[in-house]
Amino acid sequence: MMKVLVSDQISDLGINKLREKAVVDVRTELSPQELVQAIADYDALVVRSSTKVTREVLAAGKNLKVVGRAGVGIDNIDVDAATELGIIVLNAPEGNTISAAEHAIAMMTSLARNIPAANSSVKAGEWKRGKFMGVELYQKTLGVIGMGRIGSEVIKRAKAMGMNILAYDPYISDERAEKLGVTVVPPEEIYRNADFITIHTPMTKATKHMIGAKEIAMMKDGVRLINCARGGLIEEKALYEALKSGKVAGAALDVFEEEPAVNNPLCQLPNVIVTPHLGASTEEAQVNVAVQVADQVLKALFNEPLVSAVNVPVVPPETMAAVSPFVPLMKTLGSFYTQLFNGQIEQVELVYSGEIANYPVSTLTTSFLIGLLSVILGESVNYVNAPVIAKQRGIKVREVTSTTVENFTNLVTANIKTSEGIQTVAGTLFNKNDIRIVQIGKYRIEVVPSRYMLVTTYNDMPGVIGRFGITLGENDINIAGMQVGRQSVGGEAVMVVQVDSPVPETVLQQLQGLEAILSIRFVKLD
């Protein structure tokens, strides 16, 4: 029988699930060195957050086929090393959804009615009712930033309490929003109109400090903020100053930039309520994640279909050999699109033309979705969950194949329908692995993608490119390459400039202010 090592305390129901098909050893006191010594005999390892699954541990697992994380985060697992070694990494992303949503609601209610402070006051022998005057939630406006699994559940519960909902998620379709019965608005409208604001986004480079001094200044006086998602989404220094001044009436925080947050000055403010990262800390959530990860570990051990693998594409070898050269192209096109264009995505149409149309292309479509969604959601998007995430967000995906194509051996065209219209990016391969982006919007062009790029639309007139280059040089940003595309002389044109380093926001503003520049975006490809 297969052997499974459980190195952290998980629910007995999860362990019993594993024992249906495997021999299970529970050893929760192993040091990292002891785990390296012990793992060689096991086919699977199940952990929570306290066990560090390092490259050394994975390399020592001579029989190791799968690592299961009883929870969502996989920061304690060296996923890259596992992938290199052919070890599947699984998690349980949905097991704590209800618990996290309920915790956000509980924090909001406690904040509205001053429950923690009132509790402490009574226990200290006081009876000061007037000191703890609160506000109703009924008919108040709740701004929800992020409408994924947890955000959607918060919306359902807040609506049941009679709250008016304003929501923001740039990658949720109008159809999905309509099903939830909410109005999707720009974040600025939430800041101006919401009485309460709760955040439910992942932590990515784009979302770090998404609420800072500038955003808080736009908010209503007396707004209340709730963050039970990820520390760092709200800039803590700016929040502290706003709480001290009274601009923000109160905050409820379950997460912090640095944890444990025992010395965080926010914890000392009387208008802040805090909990020690308890969003998933319910008996039900712990049972759910344990049972879910146990089920997936067994499926991995017995080669059954998976739904929560974070690092393994489920692709037949013969198909992968034919299409694998196109995978980097598809991820590049998806990431490039998301960083370049605005609008809530409603439909993705991928047109595969040429020789590639003779092969199954579902893997390539998923690769495009990974590139598209990873910019928003970070590293949690993978070959297994990308289609599911797209469906949850109301994004319809359509594949079109045609063996005929002009000018190229193969061409992939992505037509993306959004709330603002349809935009197109297209790409191809030269010599099987040389990626080219050959269409951006309405412009034909030939771009060699690089890690850092500036994509600019401008009015085609003398001096524009020269002034652009001079501005970059004055800011010590070196140009590695440049391509332009236009439809007519003197009309609108597009310019893609490859640079050797990131371009700060201040430089982007300088470039945007140059004569004839219409728009500019900085694109980073990992």
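**Student:** Describe the packing of helix 17 (residues 464–474) against helix 18 (residues 505–512), naming the residues involved and giving the relevant values.
**Tutor:** Packing of helix 17 against helix 18 brings their axes to within 10 Å, and their N-to-C directions diverge by 155°. As the angle between them shows, helix 17 and helix 18 are arranged roughly antiparallel. In this structure, helix 17 meets helix 18 at a crossing whose hand is right-handed. Packed against helix 17, whose contacting residues are F468, T471 and L472, the element helix 18 presents V507, Q510 and L511 at the interface. Within the contact of helix 17 with helix 18, the residues separate by chemical class into four nonpolar, two polar and no charged.

**Student:** With reference to specific residues and values, describe the sheet that holds strand 16 (residues 421–430).
**Tutor:** Taken in spatial order, the six strands make up an open sheet running 14-13-15-16-17-18, and their pairing is mixed. Every interior strand has two partners, whereas the edge strands, strand 14 (396–402) and strand 18 (443–447), have only one. Each strand of the sheet is rotated relative to its neighbour by a mean of 20°, with strand direction disregarded. Note that strand 16 and strand 17 (residues 434–440) share six bridges and pair antiparallel. Bridging across to strand 17, V425 finds its partner in I440. Packed on one face of the sheet, helix 15 (residues 362–377) meets strand 13 (345–354), strand 14 and strand 15 (410–418) and runs near 135° to strand 13.

**Student:** Describe helix 14 (residues 327–340), listing the residues and the values that go with them.
**Tutor:** Taking 1.5 Å of rise per residue, 14 residues should cover 20 Å, and helix 14 covers 20 Å from first to last C-alpha, within 8% of that figure. Of all 14 residues that make up helix 14, twelve are buried, and the element is covered over most of its length. Residues of helix 14 that are buried include every one of V327, L329, M330, T332, L333, G334, S335, F336, Y337, T338, Q339 and L340, and no others.

**Student:** Before we move on, could you go through empty space enclosed by the protein and cite the residues and values that matter?
**Tutor:** Scanning all chains against the criterion turns up one cavity of 30 Å³ or more. In terms of lining residues, the largest cavity is bounded by N227, G231, G232, I234, E236, L239, L253, V255, F256 and L266. Residues that form the lining of the largest cavity fall into these classes: six nonpolar, three polar and one charged.

Conventions we followed
Residues numbered from 1 in each chain as written. Predicted model: local features only at pLDDT ≥ 70, side-chain atom pairs only at ≥ 80, totals over all residues. Heavy atoms only, no water. Axes fitted to C-alpha atoms, helices over the stretch in contact; angles between N-to-C directions. Helix = DSSP H or I, 4+ residues; strand = E, 2+ residues; numbered from the N terminus. Parallel < 35°, antiparallel > 145°, perpendicular 65-115°, else oblique. Left-handed = near helix turned anticlockwise from the far one by under 90°. Contact = heavy atoms within 4.5 Å. Nonpolar A, V, L, I, M, F, W, Y, C, P; charged D, E, K, R; others polar. Pairing = 2+ DSSP bridges. Expected span 1.5 Å × (residues − 1). Buried < 20%, exposed > 50% of the residue type's maximum accessible area, 1.4 Å probe, protein only. 1 Å grid on protein atoms, 1.4 Å probe; cavity = no way out; pocket = protein on both sides within 12 Å on 5 of 7 lines; lining within 4 Å. Points joined across faces, edges and corners; volume = space filled by probe spheres on them.

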